[in-house]
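This is what each chain is made of:
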Amino acid sequence: MNGIKENDKSVLVTGGAGYIGSHTVAELVENGYKCIVVDNLSNSSYESVARLQILTKTHIPFYKIDLCNYESLENIFEENKIDSVIHFAGLKAVGESTKIPLKYYQNNLIGTLNLLELMGKYNVEKFVFSSSATVYGDATRFPNMIPIPEECPLGPTNPYGNTKFTIEKILNDLYNSNQSSWKFAILRYFNPIGAHPSGLIGEDPLGIPNNLLPYMAQVAVGRRDKLNVFGNDYETRDGTPIRDYIHVVDLAKGHIAALKYLDNKIQKDEGICREWNLGSGKGSTVLEVYDSFCGAVGNKIPYEVAGRRAGDVINLTAKPDRAKRELEWETKLNVDIACKDLWKWTTENPFGYQLKHVVEKFAE
Ligand code: NAD
Ligand code: WQD
């Protein structure tokens with residue numbers, strides 16, 4: 001674990017071995033940033049970081065540390081000159097969070113509190129936080145707020161969403177305690193999908209995927225029998241719910257835009273704590289995404305209509321105007337491209353990063 005020293009200013013990426021974090025590290029390196037990754041690998045594997053090094057032809061320092069361990073986390077701040085933090089690390093499964101809420105509160109809140117405490121101690125001011133559209137809850141209760149602007153009242157409906165909501169509040173409170181020093185960007189992601197076009201990094205869910213695209217991908221490579229479409233009796237154009245799917249590479253670029261925005265605040269000696277939706281502004285139904293993915297595969301994958309999934313809402317589409325105006329960021333890639341990139345990742349890595357590990361074990 002060689003730290004980055006002295007004059008090299010770097011971005012500490014928590015959860016950088018995970019799905020969105022790894023794509024953001026790729027983008028950061030491409031944009032000239034030095035990255036340090038910290039991850040406890042509870043939902044990822046080191047293989048993603050190894051591949052990032054191949055992809056970027058760069059050494060990326062990696063710490064296998066749990067953010068909840070304050071002392072271990074402090075070592076990173078001692079060993080490196082950190083300029084900013086992008087905080088992806090957290091548990092993220094909505095259904096699981098309703099079963100083990102305390103684990104979600106402990107992991108997501110304590111990890112974040114430790115990080116903020118250490119940032120204060122080591123004078124690191126810039127912080128980009130992975131929030132989620134889930135903080136809006138069922139925004140359709142405000143019919144004039146679809147697509148959803150950042151001003152829409154928040155109302156998360158599950159423990160996972162509550163952790164994101166609470167962290168947003170903590171950031172606001174901290175900012176209000178010393179408005180000149182903190183620079184906080186809260187990014188509310190809509191539905192990230194797809195993979196890096198290289199086919200080297202992508203989403204690798206453990207167990208049965210909860211999300212639509214990873215599930216379809218596993219059906220397409222024969223790991224699952226069929227897709228269950230959760231309800232086709234919603235009041236939408238084809239009866240299935242609408243989401244704002246965003247290519248993970250576009251999403252990753254949103255973090256660079258946010259960092260640049262915060263840098264600008266530093267130059268002006270101003271503080272900030274502000275939220276931005278990262279979405280495309282275009283909604284797609286489940287069946288539209290299904291068609292798009294089947295187009296990428298070149299085959300109709302089997303599906304069956306099942307009952308509605310508890311907690312699903314009819315429409316979550318972003319109004320991304322604020323990000324466009326202030327961060328000068330907007331999506332460039334569409335659902336078809338995301339499906340094509342997902343299919344490349346899946347065919348080249350049908351078992352995600354996992355098979356590589358099996359092969360390595362046998363080679364030992
Ligand atoms: P992910 O699970 O692939 O990545 C999260 C990473 O954090 C994992 O590698 C995991 O091992 C690590 N981690 C978790 N707890 C940790 C801890 N205490 N200490 C150190 N590392 C820890 O998830 P992702 O999809 O890349 O999501 C990244 C962030 O974006 C999360 O905060 C998630 O809540 C948020 N988000 C994700 C989505 C989505 O649909 N993927 C949507 C909105 C927001
Ligand atoms: C999308 C659509 C399903 C699987 C979740 C979290 C949210 C955010 C993003 C973190 C829905 C349908 C799905 C399947 C299906 N994550 N579907 N069959 O629920 O919009 O958002 O991920 O912050 O907080 O809740 O995403 O991909 O699970 O579902 O029919 O096997 O696909 O009903 O309409 P969701 P999803």
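Only a predicted model underlies this, so the values are computations on that prediction, with no experimental measurement involved.

**Describing the site of ligand 2**
Here's step 1: The full set close to ligand 2 counts 19 residues, and Ser132, Tyr160, Asn228, Arg243 and Asp312 are the nearest of them.
Here's step 2: For ligand 2, an oxygen atom lies 3.4 Å from a polar atom in the backbone of Asn210.
Here's step 3: About the coverage of ligand 2: the protein hides 88% of its 680 Å² of free accessible area.
Here's step 4: Elements with a contribution of two residues or more to the shell around ligand 2: α7 (212-220) and β8 (227-230).
Here's step 5: If you tally residues by element for the shell around ligand 2, the top one is β8, at 4 residues.

**Considerations on the UniProt feature "domain: NAD(P)-binding" (unreviewed entry) in the protein chain**
Here's step 1: Taken from the UniProt record, the annotation "domain: NAD(P)-binding" (unreviewed entry) applies to residues 12-341.
Here's step 2: As annotated, residues 12-341 comprises 41% helix and 18% strand, and the C-alpha atoms at either end are separated by 27 Å.

**A short note on the environment of Gly231**
Here's step 1: As for its position among the elements, Gly231 is in the loop between β8 and β9 (242-243).
Here's step 2: The buried category is assigned to Gly231, whose relative accessible area is 2%.
Here's step 3: Sequence separation between Gly231 and Gly199 is 32 residues, and the spatial gap between their C-alpha atoms is 32 Å.

**Topic: the pairing of strand β6 (residues 183-189)**
Here's step 1: A large share of β6 lies buried, amounting to 7 of its 7 residues.
Here's step 2: On β6, burial covers both faces: Lys183, Ala185, Leu187 and Tyr189 on one face and Phe184, Ile186 and Arg188 on the other are all buried.
Here's step 3: Summarising the sheet, strand β5 (residues 126-132) and β6 pair through 7 bridges and their orientation is parallel. Paired with Phe129 across the two strands is Ile186, which belongs to β6.
Here's step 4: Each parallel crossover has a hand, and for β5 linked through helix α6 (residues 159-177) to β6 it is right-handed.
Here's step 5: Examined bridge by bridge, β6 and strand β11 (residues 272-278) share 7 bridges and lie parallel to one another. The residue of β11 that forms the bridge with Tyr189 is Leu278.

**Remarks on the environment of Leu154**
Here's step 1: Looking at the element boundaries, Leu154 is found in the loop between β5 and α6.
Here's step 2: Linking Leu154 and Ala139, residues 15 residues apart in sequence, is a C-alpha distance of 8.2 Å.
Here's step 3: Ignoring any residue separated from it by four or fewer positions in sequence, one finds Leu154 in contact with Val135, Tyr136, Arg141, Phe165, Glu168 and Arg188.

**A look at the pairing of strand β1 (residues 10-14)**
Here's step 1: Among the 5 residues of β1, 5 are classified as buried, and the element is accordingly described as predominantly covered.
Here's step 2: Residues Ser10, Leu12 and Thr14 of β1 are buried on one face, and the alternating residues Val11 and Val13, pointing to the opposite face, are buried as well.
Here's step 3: Here 5 bridges tie β1 to strand β2 (residues 34-39), and the two strands are oriented parallel to one another. Bridging from a neighbouring strand, Val11 pairs with Cys35 of β2.
Here's step 4: Judged from the 5 bridges that link them, β1 and strand β4 (residues 82-87) form a sheet pairing that is parallel. Looking across to β4, one finds that Val13 is bridged to Ile86.

Criteria and cut-off values
Residues numbered from 1 in each chain as written. Chains lettered and ligands numbered in written order. Predicted model: local features only at pLDDT ≥ 70, side-chain atom pairs only at ≥ 80, totals over all residues. Heavy atoms only, no water. Near = heavy atom within 4 Å. Polar contact = N/O pair within 3.5 Å; in protein donor to acceptor, adjacent residues only side chain to side chain. Areas by Shrake-Rupley, 256 points an atom, 1.4 Å probe, with all protein chains shown as cover. Helix = DSSP H or I, 4+ residues; strand = E, 2+ residues; numbered from the N terminus. UniProt positions renumbered as here; feature names shortened; annotations may be inferred. Buried < 20%, exposed > 50% of the residue type's maximum accessible area, 1.4 Å probe, protein only. Pairing = 2+ DSSP bridges. Right-handed = clockwise from strand over helix to strand, strands pointing away. Contact = heavy atoms within 4.5 Å.

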